[in-house]
Amino acid sequence: TEPSLIRNFSIIAHIDHGKSTLADRMLGLTGVVTEREMRAQYLDRMDIERERGITIKSQAVRMPWQVGEKAYALNMIDTPGHVDFTYEVSRSLAACEGAVLLVDASQGIEAQTLANLYLALEDDLTIIPVLNKIDLPGAMPEKHAEELASLIGCQPEDCLKVSGKTGEGVAALLDEIVRQVPPPTGDPAAPTRAMIFDSVYDTYRGVVTYVRVVDGSLTARQRLKMMSSATTHELLELGVISPEPTPTSGLGAGEVGYLITGVKDVRQSRVGDTVTSADKPAAEALAGYRDPMPMVYSGLYPIEGTDFPVLRDALDKLRLNDASLTYEPETSAALGSGFRCGFLGLLHLEIIRERLEREFDLALISTAPNVEYHVVTEDGTELDVHNPSEFPDGKLKEVLEPVVAATILTPSDFVGPVMELCQDRRGTMKNMQYLSADRVELHYTLPLAEIVYDFFDQLKSRTRGYASLDYHLDGLAPADLVKVDILLNGEQVDAFSAIVHKDAAYNYGTTMAQKLRKLIPRQQFEVPIQAAIGTRVIARENIRALRKDMLAKCYGGDITRKRKLLEKQKAGKKRMKAIGRVEVPQEAFIAALSSE
Ligand code: GDP
Ligand code: MG
C-alpha cells in the first residue's frame, strides 16, 4: 500500500475504559471480523488476559476503511495497559503516527490515561480525544470533554463521543483517524529499517515478530539482520494480521505486519530492536532500543521437591515468549531447590506464577518479592543484591535502592489519606495540581520496594477505589536499609531474611517471629525464634518444649483425637525440613510466606 493511504494508530486508555470493546467494534465495522466470528474481545487472545481483563501482549491488525473515493489501510496497534509493561507500550506507540485517547465518560481521566498520553506525546503522535460509554446513564461527556480538552489543549467540541458497546460514533471515529492522523513518512529508497514492537512465541511457528517498516521495504525470502545482536536470519514468512495472519510478498515503508524467521526464542527478536537487510544493512539502528530490565525479584520453589526439573523446563518454555523473565537456580535450606526470578513488576510475577501453575500443573511457593539494591561496603566494594541472603553483613558505606516517579490521580476529598499513605511509604512529594475543581494530580518520588507490595491495594481502599496510580523507574537513591534475619534455635532461616528500612525492622522481626511461633509445632526441647540485624537480636519468641505426657494423655481418652494426631504426624513427616536440630513442617514455611 502506498504510504499516503496508510494510517497507523493505537488506542490508549486507562484499564476498563473500554479499549478492547472499541477495538472489537472497529473490527466488526470494517468487516475484518464478521458478526458470526465475533467473540467478545477478539484481540485479547491469551486465557489469562481474558480472565483478568487485561492485555499483556500487543497485536497489530490491518483494517480496510473507505473515505470518499479512497480505500485506506488502518493499522491498529494494541498496547499493553499496565505499568509493568511501560517499555512495551512505548515501542507500540513508536510504531504509530496517531493515538486515540479513550476516556470513560462516566469516570473521566485516570492515571494511566495520563501516563499513556505522555508517552504518546514524547513520540509526537497526533492525539484524537474520545469519550467512550456515552450510552451509560451516568455518563457525563460534557464535563469530561472539558477536562480532556484542557489537558491536551483543544476545544471541548473536538472530543468525539462514542459507545464501543452500541457502536454509536465509531464509524465517525474511523473517518477522523483517516483525516487527522498523518500518513507515515520514511524513505522507501533507503536501506531497510523496521522496528520490532512485539515478539510472540508460537508453539507451531516459532517466534512471530511484529514490525513497523520505517525505511525501505521487506520482501519475502530476504535475509535479515537484527541490529542489536548482529545475528542474521532467513525470512520464512512475511504477512499482515487481518485478523488472522495472511502472508504477503512484501511490506513497504510505513507498513505494519509480522515476520517469521524460524528463531525459537523471543530473546533473538527483541522488542525495540531494528531489523535490517543482511545483504544491504542500514548504517544505524532506529533509536529507542533498551534491554528489558527486571524490577522485582522473588524465589520460586516447587512444593514437591521432585518437581524441580518440571519447573526448570517450564521456565525455559515461558522464557521463549518473554524476554523480560530472568531466572537462575538457587537453594534454600528451608524451601529446597528453586529459582530466583526477575520480573518487570508484581503483575508480571503473578502472571508468570499463574501460568506455571496452570499450564504446567505445578504447585509453587514464592518468597516475598524484593527489588535490586546497590551496596557499597566500607572498603569500597560495590555489589548488586537481588536476594536478601546476598546482603553483606557488617558496616556499609552506602545502600542505594531504586525509586520511582509516581503519578496519583484522586478526587480532592481523598488528598489527605493519599498523602498520609505516601508519607508512610517514605514518599517525597514533588508537586500537586488540580486537573479540575474536584480532581487532583499528585507527583511523588517513592521507593520501588514500598510500591511493589500492597501500595496499590492500600491506595484503592483509602480512596474507596477512586484513585489511580502510574509510575516509572527514576534512578537510585540512598536509604537506611538493614537486613533482618530470622533464626530458629540459632540457625538462620534463609527464606525469611528481608531487606527493610531500619524503622520497619522491629515490626518485621516481631511479626515474623510471632507467626513462626504459631506455625511451628513444639519439639522435644525449647526452641527460640529470634529476629536479628547482624548479631543484634531485635525480637524473640519461644516455642515451649513438648510435654512428655502429651501423647500419654490421649490414651484411654478421646480415641478419634489420638488417631487424628497420629495421621497428622504421618502426613507431616513426609514434608519435614530440618533447620539445625529443629524439624519444621514445610506447611509452616508456606503459611508464613503466603499470609500477610
Ligand atoms: P479495557 O480494559 O479498556 O480493554 O476495557 P474493556 O473493553 O474490557 O471494557 C471494560 C468494561 O466496560 C466491560 O465490562 C465492557 O463491557 C464495558 N464497556 C466497554 N465499552 C462500553 C460502552 O461503550 N458502554 C458500556 N455501557 N459499557 C462498555
Ligand atoms: Mg482490554
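Rules and cut-offs
Residues numbered from 1 in each chain as written. Chains lettered and ligands numbered in written order. Predicted model: local features only at pLDDT ≥ 70, side-chain atom pairs only at ≥ 80, totals over all residues. Heavy atoms only, no water. Helix = DSSP H or I, 4+ residues; strand = E, 2+ residues; numbered from the N terminus. Buried < 20%, exposed > 50% of the residue type's maximum accessible area, 1.4 Å probe, protein only. Contact = heavy atoms within 4.5 Å. Areas by Shrake-Rupley, 256 points an atom, 1.4 Å probe, with all protein chains shown as cover. Pairing = 2+ DSSP bridges. Axes fitted to C-alpha atoms, helices over the stretch in contact; angles between N-to-C directions. Salt bridge = Lys/Arg side-chain N within 4 Å of Asp/Glu carboxyl O. Core = buried A, V, L, I, M, F, W, Y, C linked by side-chain atoms within 4.5 Å. Patch = residues over 30% accessible without salt bridge, like charges linked within 9 Å, V, L, I, M, F, W, Y side chains within 5 Å. Phe/Tyr/Trp six-rings, centres within 6.5 Å; stacked < 30°, edge-to-face > 60°. UniProt positions renumbered as here; feature names shortened; annotations may be inferred. Polar contact = N/O pair within 3.5 Å; in protein donor to acceptor, adjacent residues only side chain to side chain. Parallel < 35°, antiparallel > 145°, perpendicular 65-115°, else oblique. Nonpolar A, V, L, I, M, F, W, Y, C, P; charged D, E, K, R; others polar. Left-handed = near helix turned anticlockwise from the far one by under 90°.

**Things to note about the overall build of the protein**
Right, on to step 1. The number of helices and strands found in the protein is 15 helices and 33 strands.
Right, on to step 2. Seen through its principal axes, the protein has C-alpha atoms that stretch 95 × 60 × 60 Å.
Right, on to step 3. In the protein, buried positions account for 53% of the 596 residues.
Right, on to step 4. A separation of at least 24 residues holds for 68% of the contacts in the protein among residues at least 6 apart in sequence.
Right, on to step 5. Put simply, the protein shows about 26800 Å² of open surface, and 50% of that area lies on carbon and sulfur atoms.

**A look at the sheet that holds strand β20 (residues 364-366)**
Right, on to step 1. Taken in spatial order, the four strands of this open sheet run β18-β19-β17-β20, and their pairing is antiparallel. Bordering the open sheet on either side are β18 (326-332) and β20, each of which pairs with just one other strand. Along the sheet, successive strands turn relative to each other by an average axial angle of 30 degrees, direction set aside.
Right, on to step 2. Contacts from helix α7 (residues 308-320) reach β17 (296-302), β18, β19 (336-343) and β20, with the element oriented near 15 degrees to β19.
Right, on to step 3. Along the sheet face, helix α8 (residues 346-359) touches β17, β19 and β20 and points at about 165 degrees away from the line of β20.

**Quick word on the environment of isoleucine 241**
Right, on to step 1. Structurally, isoleucine 241 is set in strand β12 (residues 237-241).
Right, on to step 2. For the pair isoleucine 241 and tyrosine 258, spaced 17 residues apart in the sequence, the C-alpha separation amounts to 7.5 Å.
Right, on to step 3. Leave out the neighbours within four places in its chain, and isoleucine 241 touches Ala60, Val61, Arg62, Tyr210 and Tyr258.

**Looking at the pattern of salt bridges**
Right, on to step 1. If you walk through the whole model with that rule in mind, you get 22 salt bridges.
Right, on to step 2. As a salt-bridge pair, glutamate 255 and arginine 62 come within 3.1 Å of each other at their nearest N and O atoms. Here glutamate 255 is found in the loop between β14 (250-251) and β15 (256-260), whereas its partner arginine 62 is found in strand β2 (residues 60-67), with 193 residues between them in sequence. There is no split in this pair, since glutamate 255 and arginine 62 are both buried.

**Quick notes on the nonpolar core**
Right, on to step 1. In terms of nonpolar packing, the biggest core is built from 47 residues, with Leu315, Leu356, Tyr373, Ile408 and Phe455 touching the most fellow members.
Right, on to step 2. Dropping the residues within four chain positions of it, leucine 315 is found in contact with Leu325, Tyr327, Phe339, Cys341 and Leu356.
Right, on to step 3. In terms of nonpolar packing, the next biggest core, distinct from the first, is built from 36 residues, Val89, Leu93, Val103 and Leu131 among them.

**Re a nonpolar patch on the surface**
Right, on to step 1. A contiguous nonpolar patch, built from Met429, Met432 and Tyr434 and spanning about 290 Å² of accessible area, is present on the exposed surface.
Right, on to step 2. In this structure, methionine 432 sits in strand β24 (residues 428-436).

**Section: the pairing of strand β27 (residues 481-488)**
Right, on to step 1. Taking burial as the measure, the eight residues of β27 include eight buried ones, the bulk of the element.
Right, on to step 2. Here β27 shows two buried faces, one formed by Leu481, Lys483, Asp485 and Leu487 and the other by Val482, Val484, Ile486 and Leu488.
Right, on to step 3. Of the pairings in the sheet, the one linking β27 to strand β29 (residues 498-501) comprises four bridges and is antiparallel in character. Counterpart to leucine 481 in the pairing with β29 is histidine 501.
Right, on to step 4. Looking at chain direction, β27 and strand β30 (residues 527-533) are connected through four bridges and run antiparallel. Its bridge partner lying in β30, leucine 488 is registered against isoleucine 529.

**Remarks on helix α3 (residues 86-94)**
Right, on to step 1. Counting buried positions over the nine residues of α3 gives seven, a clear majority of the element.
Right, on to step 2. Tyr87, Glu88, Val89, Ser90, Arg91, Ser92 and Leu93 are the residues of α3 that are buried.
Right, on to step 3. On its buried face, α3 is in contact with β1 (6-13), β3 (70-77), α4 (111-122) and β7 (193-202).

**Topic: the packing of aromatic side chains**
Right, on to step 1. As enumerated under the stated definition, the model contains five aromatic pairs in all.
Right, on to step 2. Measuring from ring centre to ring centre gives 5.0 Å for phenylalanine 308 and phenylalanine 339, while their planes differ by 5 degrees; the resulting arrangement is stacked. Pair noted here: phenylalanine 308 is in helix α7 and phenylalanine 339 is in strand β19, with a separation of 31 residues, a long-range link. Of the two residues, phenylalanine 308 and phenylalanine 339, both sit in the buried class.
Right, on to step 3. Aromatic ring contacts, followed pair by pair, group Phe308, Tyr327 and Phe339 into a single cluster.

**Here's the deal with the UniProt feature "binding site: GTP" (unreviewed entry) in the protein**
Right, on to step 1. The UniProt record annotates "binding site: GTP" (unreviewed entry) at Asp16, His17, Gly18, Lys19, Ser20, Thr21, Asn132, Lys133, Ile134 and Asp135.
Right, on to step 2. Counting through the fold element by element, glycine 18 comes out in the loop between β1 and α1 (19-29).
Right, on to step 3. The contact partners of glycine 18, leaving out residues within four places of it in the chain, are Leu102, Asn132 and Lys133.
Right, on to step 4. Classification of lysine 133 as partly exposed rests on a relative accessible area of 22%.

**As for the side chain of threonine 410**
Right, on to step 1. Here threonine 410 shows up in strand β23 (residues 396-411).
Right, on to step 2. Its relative accessible area of 0% is what places threonine 410 among the buried residues.

**A look at the sheet that holds β15**
Right, on to step 1. The sheet built from eight strands is open, its strands ordered β11-β10-β16-β7-β8-β15-β12-β13 with antiparallel pairing. Where the open sheet ends on each side, the last strands, each with one partner, are β11 (231-234) and β13 (245-247). Each neighbouring strand pair of the sheet contributes to a mean axis angle of 40 degrees, computed without reference to strand direction.
Right, on to step 2. Pairing of strand β10 (residues 223-226) with strand β16 (residues 274-277) involves three bridges; the strand directions are antiparallel. Opposite lysine 225, over in β16, you have threonine 276 as the bridge partner.

**A look at the environment of aspartate 322**
Right, on to step 1. Tracing the sequence through the fold places aspartate 322 in the loop between α7 and β18.
Right, on to step 2. Sequence spacing of aspartate 322 and valine 200 is 122 residues, and the spatial spacing of their C-alpha atoms is 7.9 Å.
Right, on to step 3. For aspartate 322, the residues in contact, after removing those within four places along its chain, are Val266, Arg267, His348 and Ile352.
Right, on to step 4. Side chain to side chain, aspartate 322 and histidine 348 meet in a polar contact 2.7 Å long.

**A short note on the packing of α1 against helix α6 (residues 170-180)**
Right, on to step 1. It is at 10 Å that the axes of α1 and α6 come closest, and there the two elements cross at 85 degrees. Comparing their axes, α6 and α1 come out roughly perpendicular. Here Leu22, Arg25, Met26 and Leu29 of α1 lie close against α6, whose contacting residues are Val170, Ala171, Leu173, Leu174 and Ile177.
Right, on to step 2. For the contact of α1 with α6, the class distribution of residues is eight nonpolar, no polar and one charged.

**Focus on the packing of α7 against α8**
Right, on to step 1. In the contact formed by α7 and α8, the axes pass within 11 Å of each other and the chain directions differ by 120 degrees. Taken as axis vectors, α7 and α8 run oblique relative to one another. For α7 against α8, the interelement crossing comes out right-handed. Between α7, through Leu311, Ala314, Leu315 and Leu318, and α8, the contact on the second element is made entirely by Ile352, Arg355, Leu356 and Glu359.
Right, on to step 2. Its residues assigned to classes, the contact of α7 with α8 comprises six nonpolar, no polar and two charged.

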